[in-house]
Amino acid sequence: MTHPRFFGYGSLVNLTTHTYPDPKPAKLRGWRRVWRHTQIQEPAFLSVEPCDHTTLLGVTAAVPNADWAALDERESGYLRRDVTHLIDDAVQSTAVYEVDAAHYLEPVTRPILLSYLDVVVQGYLRVFGDEGADHFFDTTHNWGPILNDREAPRYPRARTLTAEETARVNAGLAAMGQPLD
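Keep in mind that this is a model prediction, so the values were computed, not measured.

Chemist: Please explain unusual backbone geometry as it appears in this structure.
Modeler: A negative phi angle characterises most non-glycine residues, just as the trans form characterises most peptide bonds. In this model, Asn-65 sits at a positive phi of 55 degrees, which is unusual for a non-glycine residue. Tracing the sequence through the fold places Asn-65 in the loop between β3 (45–62) and α1 (68–74). A positive phi angle is found at Ala-66, which is not glycine, with a value near 55 degrees. Here Ala-66 shows up in the loop between β3 and α1. With a relative accessible area of 25%, Ala-66 lands in the partly exposed category.

The structure is reproduced here in structure tokens:
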């Protein structure tokens, strides 16, 4: 049986945070990453939105037991979008999750958890190398305040970074005008 797949563009790129079957590097054309500030949780969500001139690096993985309902529950607050035709070399049905616009809160008021950002950048470094980390920072928009929770992580799937990975996250933030104390 061929299982449908989903495209991960944030923490799911860090393969140590999940056990989804058959993860593979992939490219999604026509979308970009964006931080979304919502009324349903304090920290900002990482999401995607259509953008004709952007291609995202990420991973696809099989939907366990082809059970979209279970995956939809894990991704509550997001809407599932069919992007099969926008995934390079896609042979199975593939979806991406986008934060539901009904939950948006503007202006930017919600912090981005550094513990979450660390997990995402660590994943990009390990799957795609330094170019992957650069790609993440370059193709992510709507940055807001960073909450430095490294010493007491609030993100439930936080990971320990190497000194080099920590320096890479800090340098990426500094380059964007978001230096850490």
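Still more ground to cover, so stick around.
Chemist: It is not clear to me how the sheet that holds strand β5 (residues 94–99) should be interpreted in this structure. Could you clarify?
Modeler: Read across the open sheet, the 6 strands follow the order β4-β5-β1-β3-β2-β7; overall the sheet is mixed. Bordering the open sheet on either side are β4 (78–82) and β7 (140–141), each of which pairs with just one other strand. Examined bridge by bridge, strand β1 (residues 5–8) and β3 share 4 bridges and lie antiparallel to one another. The residue of β3 that forms the bridge with Arg-5 is Ala-62. Against the sheet, helix α3 (residues 130–138) contacts β2 (24–36), β3 and β7, and its axis sits at roughly 135 degrees relative to β3.

Chemist: How should the pattern of salt bridges be read in this particular structure?
Modeler: Where side chains of opposite charge bring their charged atoms close, a pairing between them can arise. Counted according to the given criterion, the structure contains 13 salt bridges. Asp-22 is the salt-bridge partner of Arg-5, the closest N and O atoms lying 3.1 Å from each other. Of this pair, Arg-5 sits in strand β1 while Asp-22 sits in the loop between β1 and β2, and the two are 17 residues apart along the sequence. Residue classification places Arg-5 among the buried positions, given a relative accessible area of 5%. For Asp-22, a relative accessible area of 40% gives the class partly exposed. Here Arg-36 makes a salt bridge to Glu-49, at a shortest N to O gap of 2.5 Å. With a gap of 13 residues between them, Arg-36 in strand β2 and Glu-49 in strand β3 connect regions that are remote in the sequence.

Rules behind the numbers
- Residues numbered from 1 in each chain as written.
- Predicted model: local features only at pLDDT ≥ 70, side-chain atom pairs only at ≥ 80, totals over all residues.
- Heavy atoms only, no water.
- Helix = DSSP H or I, 4+ residues; strand = E, 2+ residues; numbered from the N terminus.
- Buried < 20%, exposed > 50% of the residue type's maximum accessible area, 1.4 Å probe, protein only.
- Pairing = 2+ DSSP bridges.
- Contact = heavy atoms within 4.5 Å.
- Axes fitted to C-alpha atoms, helices over the stretch in contact; angles between N-to-C directions.
- Salt bridge = Lys/Arg side-chain N within 4 Å of Asp/Glu carboxyl O.

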